[in-house]
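Residue-level listing of the chains:
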There are 2 protein chains.
Amino acid sequence: MSVLVVGTTALDSIKTPKVENPRLLGGSASHAAVASSFFAPTKLVGVIGGDFPAKHVALYKKHKLDLKGLEKVKDGQSFHWSGEYEVNMNNRRTLNTVLGVIEHWSPKLPGDYETTPYVLLANMSPAVQHTVLDQMSKPKFVIADTMDLWMNIALADLLRLLKRVDCLVLNDGEARQLVEEDNVPTALAKIHKLGPRYVIIKKGEHGSLLSGPKGLFIAPAYPLKKVVDPTGAGDSFVGGLIGYLAAQKSGSVESNLRRAIIHGSVVASFCCEGFGLHRTTKVTRAEIAGRVRELEKLAKF
Amino acid sequence: MSVLVVGTTALDSIKTPKVENPRLLGGSASHAAVASSFFAPTKLVGVIGGDFPAKHVALYKKHKLDLKGLEKVKDGQSFHWSGEYEVNMNNRRTLNTVLGVIEHWSPKLPGDYETTPYVLLANMSPAVQHTVLDQMSKPKFVIADTMDLWMNIALADLLRLLKRVDCLVLNDGEARQLVEEDNVPTALAKIHKLGPRYVIIKKGEHGSLLSGPKGLFIAPAYPLKKVVDPTGAGDSFVGGLIGYLAAQKSGSVESNLRRAIIHGSVVASFCCEGFGLHRTTKVTRAEIAGRVRELEKLAKF
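Cut-offs applied
- Residues numbered from 1 in each chain as written.
- Chains lettered and ligands numbered in written order.
- Predicted model: local features only at pLDDT ≥ 70, side-chain atom pairs only at ≥ 80, totals over all residues.
- Buried ≥ 20, exposed ≤ 12 C-beta atoms within 10 Å, placed from the backbone.
- Helix = DSSP H or I, 4+ residues; strand = E, 2+ residues; numbered from the N terminus.
- Arc of directions from axis to C-beta.
- Contact = placed C-beta atoms within 7 Å.
- Axes fitted to C-alpha atoms, helices over the stretch in contact; angles between N-to-C directions.
- Parallel < 35°, antiparallel > 145°, perpendicular 65-115°, else oblique.
- Left-handed = near helix turned anticlockwise from the far one by under 90°.
- Nonpolar A, V, L, I, M, F, W, Y, C, P; charged D, E, K, R; others polar.
- Pairing = 2+ DSSP bridges.

Caption draft 1: Spatial organisation of helix α3 (residues 126-134) of chain B. Residues and elements named next belong to chain B. All buried positions along α3 are accounted for by P126, Q129 and V132. The buried residues of α3 occupy one face: seen down the axis, they fall within an arc of 105 degrees. Buried residues along α3 sit against β1 (3-6), β8 (118-121), β9 (141-145), α4 (148-153) and α5 (155-162).

In structure tokens, the structure reads:
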């Protein structure tokens, strides 16, 4: 079944201690839609300015993304994020943000998109995530990704959104912040009370946690000896996850979600091995399957 | 087969945001030997002062620890550590340390101890860990636990020790510090070059990593909804681990170590649920087996 990914399509300028890379293809929807495309037909809804390089659109096309919902504002400027990573690659700081065309963007879905069964509301403002759901007709499974920024500036919108989604994805610090609870398993129980039947907690190199009606799943992360650029890893994770989920023809939601998380985390591991989408867009389905098999062995006891 | 545990036997006074508990049974050897005793006959070597409560020794006896090597200095003061935990129970600070009888202690092993096949050098100064190995005759498997303190004040001794042990246990921050490398998988490779064939990295709630000749094992931690007192969790982990390992009659070192880590982490989870050894000493073998089965389900994909 197919996947609809709505989120930001951006230019990322990324500085690490070793290198500076200007105007890479970035944004939550770019990473997530490419990741999803390894497993399922994927529609990308976003907005770009007249300055958006044609080679970036060509990359979308290489992944056979359905781009009918990719809006282009010819005289507008693309969303542009600049950030810098510290030596250990875990801490990053934003150097500059130009909202450009996303500032007043309200996504309009092409008519035939409203019945897409799997919907990923990639990281963006919860108000915009609401407008997407307003245009959908009974999707089978909706995942929302979010971040601390929205808890700080748009908490009411986010809380309202939680009643409308099947699954929320966030990191452990954000989970603690959302329900003001330090213990993660207890925080998970509190988040379920806000709406989502499934909650997934991203913990970077420490893996992730799925919490659902049947309890917890503790997922390992693929161990990387070298992290080149972690930007977009979380988006790749959730994109790979929903793509894998949409591709399953049998099995319970629970067991499919477990394997979907493993596949998402493997795509995220490739994402970290290159700047922007450099590595992800060169990965093959066979390489992904190879790392999934490796993870199975690494976690067996 | 039997296990020899050498380390500190202490009184711990522990303050948490909710409660203050003075003069609990503590110390690396106390936690580790009790944890080991669930699986294998265990000898405890340590030193106590005349002030050491008889009820603490009674607890050792309840666990059938062989105490021939527990030295008592009648006119000496027991090692006494006082510490305080912050609200989230992850950060602790030492309020006071009285070394007492451990300051000039040099363990003398009872004659029949030298052939004990499994040796755990629980957390204590590497110089003292050396004196234990000097008295052993070709042990089958030696595990050393350590901490950042020894890297700061006794690095040369520690580096010399690494050439004499089969397995080193430390946390992720300590692993990074030991080889000055931020990436954990890369740090592991560098630690192997210092000597130990197996390295285990403790990551608390995030589980642990085993690195050995056959590669990595990523182990989950048992998820706890409430942490009462994490003091001794690391010691319980490594104690349960070596006890389980010593009890295996078949299987490869590699696969036994994987399951030993799971059992150690389950004992550590019980340790966190009470002050000092309160919870650990009330646990049954059946409760441990129950949590191991739960962890198997929590980690399956």
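Caption draft 2: The arrangement of the environment of F270 of chain B in detail. All names here are of chain B. Tracing the backbone through its elements, the reader meets F270 in helix α9 (residues 253-271). Using a count of 25 C-beta atoms within 10 Å as the deciding quantity, one classes F270 as buried. Taking C-alpha positions, F270 is 9.4 Å from Y222, a pair spaced 48 residues apart along the chain. The residues contacting F270, other than those within four sequence positions of it, are R279, T280 and V283.

Caption draft 3: Main features of the packing of helix α6 (residues 172-179) of chain A against helix α7 (residues 184-192) of chain A. Residue and element names in this part refer to chain A. Two elements in contact, α6 and α7, have axes separated by 9 Å at closest approach and are oriented at 60 degrees. Classified by the interaxial angle, the pair formed by α6 and α7 is oblique. Judged by the sense of rotation from one axis to the other, the crossing of α6 with α7 is left-handed. For the pair α6 and α7, contact is made by D172, A175, R176, L178 and V179 and by V184, A187, L188, K190 and I191, respectively. Residues that form the contact of α6 with α7 fall into these classes: seven nonpolar, no polar and three charged.

Caption draft 4: Here's a closer look at the sheet that holds strand β11 (residues 198-202) of chain B. All names here are of chain B. Across the sheet, which stays open at both edges, the nine strands sit in the order β5-β4-β1-β8-β9-β10-β11-β12-β13 with mixed pairing between neighbours. Both outer strands of the open sheet, β5 (70-73) and β13 (215-219), are each paired with one neighbouring strand and no more. The sheet shows a mean angle of 15 degrees between the axes of neighbouring strands, taken without regard to direction. With five bridges joining them, strand β12 (residues 208-212) and β13 adopt antiparallel strand pairing. Looking at the pairing, S208 lines up with A219 of β13. Along the sheet face, α9 touches β11, β12 and β13 and points at about 160 degrees away from the line of β12.

Caption draft 5: Fine view of the interface of chain B and chain A. Of the residues lining the interface, 25 residues belong to chain B; the matching set on chain A comes to 26 residues. Secondary structure elements with two or more residues in the side of chain B that touches chain A: α7 (184-193), β13 and α9 of chain B. The biggest single contributor to the side of chain B that touches chain A is β13 of chain B, with four residues. Residue composition of the side of chain B that touches chain A, grouped by class: 14 nonpolar, four polar and seven charged.

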